[in-house]
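Fold and geometry: a report
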Amino acid sequence: MKDLNYASQRRILIVTFLFVPIVLLCVFSFLPLGNMVYYSTLKWNGYSKNRLFVGFSNYIRLFSDPEYFSVFKVSLYYLAGSVLQLSLALLFATLLTFEMRAKNFFKGVLFFPYLLNGVAIAFIFLFFYKGDGTLDSILKAIGLGDLIQFWLRDVKIVNFSMVFTSIWRYIGFNFIVFLGAMQSIDKEIFEAADIDGANKWHKFIYIIMPSIKKIVELNLILAVTGAIQAFEIPYVMMHGANGTKTFVIQTVDTAFVNGKLGLASAMSVVLLIIIIIATIFQKQYFKHREGV
Amino acid sequence: MVISNRVSSNILTVLKYAIVILGALIATVPIVVVFLASFKTSPEFLDGNALQLPHSFINFQNYVKAFVDGRMIVGFFNTTLILTISLTGAIILGTMVAYVVNRFDFKLKKVILGAFLVATLIPSVTTQVATFQIINALGLFNTRLAAIILYMGTDIIAIYVFIQFISGISVSLDEAAMMEGASYLTIYTKIILPLVKPAIVTVMIIKGIAIYNDFYIPFLYMPKKSLQVVSISLFKFMGPFGSNWEIISAAIIITIIPTLVLFLFLQKYIYNGFTAGSVK
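The numbering scheme is per chain: residues are counted from 1 as the chain's sequence reads. For this description, chains carry letters from A and ligands carry numbers from 1, given in the order in which they are written. Residues qualify for local features only when their pLDDT is at least 70, as the model is predicted, and side-chain atom pairs are given and counted only at 80 or more; totals for whole chains, interfaces and linings, by contrast, use all residues.

What to know about the overall build of chain A
Here is the rule: Runs of H or I in DSSP of at least four residues are treated as helices and runs of E of at least two as strands, each being numbered from the N terminus. Here a residue counts as buried when 20 or more other C-beta atoms sit within 10 Å of its C-beta, as exposed when there are 12 or fewer, and as partly exposed otherwise, the C-beta atoms being derived from the backbone.
Helix and strand content of chain A: 13 helices and 2 strands. Principal axes of the C-alpha set define a box for chain A whose edges measure 75 × 75 × 40 Å. Taken over 292 residues, chain A has a buried fraction of 42%.

Focus on the overall build of chain B
To keep it simple, the criterion reads: Only C-alpha atoms enter the radius of gyration; for comparison, a globular chain is expected to reach 2.2 Å times N to the power 0.38, where N is the number of residues. Contact between two residues is assigned when their C-beta atoms, built from the backbone, lie within 7 Å.
Within chain B, the regular secondary structure consists of 14 helices and 0 strands. Secondary structure of chain B in N-to-C order comes out as α-α-α-α-α-α-α-α-α-α-α-α-α-α. Relative to the compact-globule value of 19 Å for 280 residues, chain B shows a C-alpha radius of gyration of 25 Å, a clear excess of over 25%. Taken over the C-alpha atoms alone, chain B extends approximately 75 × 70 × 35 Å along its principal axes. Buried residues in chain B amount to 40% of all 280 residues. Here the contacts in chain B between residues at least 6 apart in sequence split such that 77% fall between residues at least 24 apart.

Overview of the interface of chain A and chain B
In this complex, chain A contributes 68 residues to the contact, which on the side of chain B involves 66 residues. In terms of residues, the side of chain A that touches chain B owes the most to one element, helix 1 (residues 6-39) of chain A, which gives 20 residues.

Considering helix 8 (residues 155-183) of chain A
Rules: Expected span of a helix: the number of residues minus one, times 1.5 Å.
The end-to-end C-alpha distance of helix 8 of chain A is 43 Å, a good match for the 42 Å that 29 residues give at a rise of 1.5 Å each. With 22 of 29 residues buried, helix 8 of chain A lies mostly within the body of the structure.

Thoughts on the packing of helix 9 (residues 171-179) of chain B against helix 10 (residues 184-195) of chain B
All names here are of chain B. The condition that has to hold: Axis lines are fitted to C-alpha atoms, over the contacting stretch for helices. Their N-to-C directions set the angle, which ranges from 0 to 180 degrees. Each angle receives one of four descriptions, namely roughly parallel if under 35 degrees, roughly antiparallel if over 145, roughly perpendicular if within 65 to 115, and oblique otherwise. For any helix crossing, the convention is left-handed if the near helix is rotated counterclockwise from the far helix by under a right angle, and right-handed if that rotation is clockwise. Throughout this entry, Asp, Glu, Lys and Arg are counted as charged residues, while Ala, Val, Leu, Ile, Met, Phe, Trp, Tyr, Cys and Pro are counted as nonpolar. The remaining residues, Gly among them, count as polar.
With their axes 11 Å apart at the nearest point, helix 9 and helix 10 run at an angle of 125° to one another. By the angle between their directions, the pair helix 9 and helix 10 is classed as oblique. Crossing hand, helix 9 versus helix 10: right-handed. Of the residues in helix 10, those touching helix 9 at L173, D174 and A177 are T186, I187 and I191. Per-class residue counts for the contact of helix 9 with helix 10 are 4 nonpolar, 1 polar and 1 charged.

Comments concerning the domain arrangement of chain A
Our working definition: What marks off one domain from the next here is an automatic or database domain assignment.
Taken domain by domain, chain A comprises domain 1 (6-59) and domain 2 (70-259). Between the C-alpha centres of domain 1 of chain A and domain 2 of chain A there is a distance of 35 Å.

A closer look at the domain arrangement of chain B
Its domain assignment divides chain B into domain 1 (2-61) and domain 2 (72-236). Look at where the C-alpha atoms of domain 1 of chain B and domain 2 of chain B centre, and you get two points 39 Å apart.

Some remarks on the confidence of the model for chain A
Close inspection of predicted coordinates is inappropriate in any region flagged by low pLDDT. Put simply, the test is: Confidence of the predictor at the level of single residues is captured by pLDDT, which takes values from 0 to 100.
In this model, chain A carries an average pLDDT of 89, and 97% of its residues clear a pLDDT of 70 or more. Per-residue pLDDT, averaged within each element of chain A, yields its smallest value for helix 13 (residues 261-291) of chain A (81) and its largest for helix 6 (residues 118-129) of chain A (96).

Some points on the environment of B:I159
The residue B:I159 is located in helix 8 (residues 157-166) in this model. With residues near it in sequence (within four places) discarded, B:I159 still touches B:G94, B:V97, B:A98 and B:F116.

Considering the packing of helix 4 (residues 72-103) of chain B against helix 11 (residues 197-213) of chain B
Residue and element names in this part refer to chain B. At a minimum axis separation of 10 Å, helix 4 and helix 11 run at an interaxial angle of 140°. As summarised for this structure, helix 4 and helix 11 are arranged oblique, according to the angle between their axes. Along this stretch, helix 4 crosses helix 11, giving a crossing that reads as right-handed. Contact residues: helix 4 offers T79, I82, L83, S86, L87, A90, I91 and G94, while helix 11 offers I200, V203, M204, K207, G208, I211 and Y212. Taken together, the residues of the contact of helix 4 with helix 11 sort by class into 10 nonpolar, 4 polar and 1 charged.

Right, here's the structure in full:
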């Protein structure tokens, strides 16, 4: 290599260094995307030689058969949950921004669940909600035994149980990002505010909120797209039973259990379009805001 | 007025600690109760209250049972193998792309960067149905290579972390090396790679945790028993161990221990990693 001049070295390096990453990108990101759109127009089980072109009928079925579109209702629980999740994360981050004893301990404890294995979390919460499990025992211990419910068996309650688990799992991420953003605010601004006689509420509204607004908005979009993609917790805990089926569980079941790959692809395309719309909306929104 | 101000500020302080302590309890109690259960004998578990302490904290029977009968050793072996290879691969590929893109100008640069960017917008959950067909066609179904290749290839955030970092390394270092006749390859291996170490640590932590915790890809692509990773070996406890919660609890704790150890030792890097990765 040393004997070549730098121009030809450069050409060789560009090609060799980019070759594998670009092949991987094409084969595992763009090819599946293209295939998926194509599969969505087929009636196909995924392995037989029979591929029947059916046009848009998979999409029509998707929006006319309640078995498929009703799962979006479950997403609403997770959407509402993510708003609560962000508010709580903001609350904890704000509290820890001000002076406090054992700050690092609390920071670690509040963040740690985010690092845990999803299956472990699902099992921890199966134990938490089961009859005579953690939750029932706590309620009994503090004299609220009358409130005990069938946390997982009651169709009216089970999705709240799922969403609580989801908040428990993901809140640490939002919390740590918010805290990081708040701590990067210049200390002198707070000192100046102290001199002007500002209280903590003033500081939150006039100093903290404006400087972390962008990150809150970004997290809101992440939370929304995350809510539509909810999968692991309801799948491992409930196998999607008892009305906990989310859109992704429905897609996986349709493809790999019921062998309707065409229909499942159509569902994936719809999910992708929703996520792209949410992302574009976010980008446009930020661009607009930055212009102001 | 001054007194009432002090009183209200005291109330606020109490409230602040009350909220944070409540949050900390909610975060820890579910795990601690499972930890307690993992040391209980079967009759002890069935008779007692879930919040009760176990008779002995040195009853490791459940751990042995979980580890041996639950074949968790297979899970740890596979996870370690997949983790090592895919992390190494992702770091080599990621730094290579970042180096070329940051240091050289060439025709398709914008197109290539754009392609990586667009790919981040495609959530992999949605394309899995079609990715499955490709993995199958390549003969990778039920091999560790399926997971390794997917973890290695789909990561674009890593590339951005590297690009950000390499753009902070002064080009004059490259030029000085070229004056002494170093090739571009030497510059990459001897100058860029060593200097980019902090970014490598960041990527290793974020990606390593994601791979260790992943359930979806191994579940879909490697159902074979001998290929199970940690997540899957834990998942398998549901059936055969049915309601043996003391053994399942031990399995949960075994799964958590590596994460806890990593967190305690690398706390600072982990915080930095997640805050840096999120503001891409």
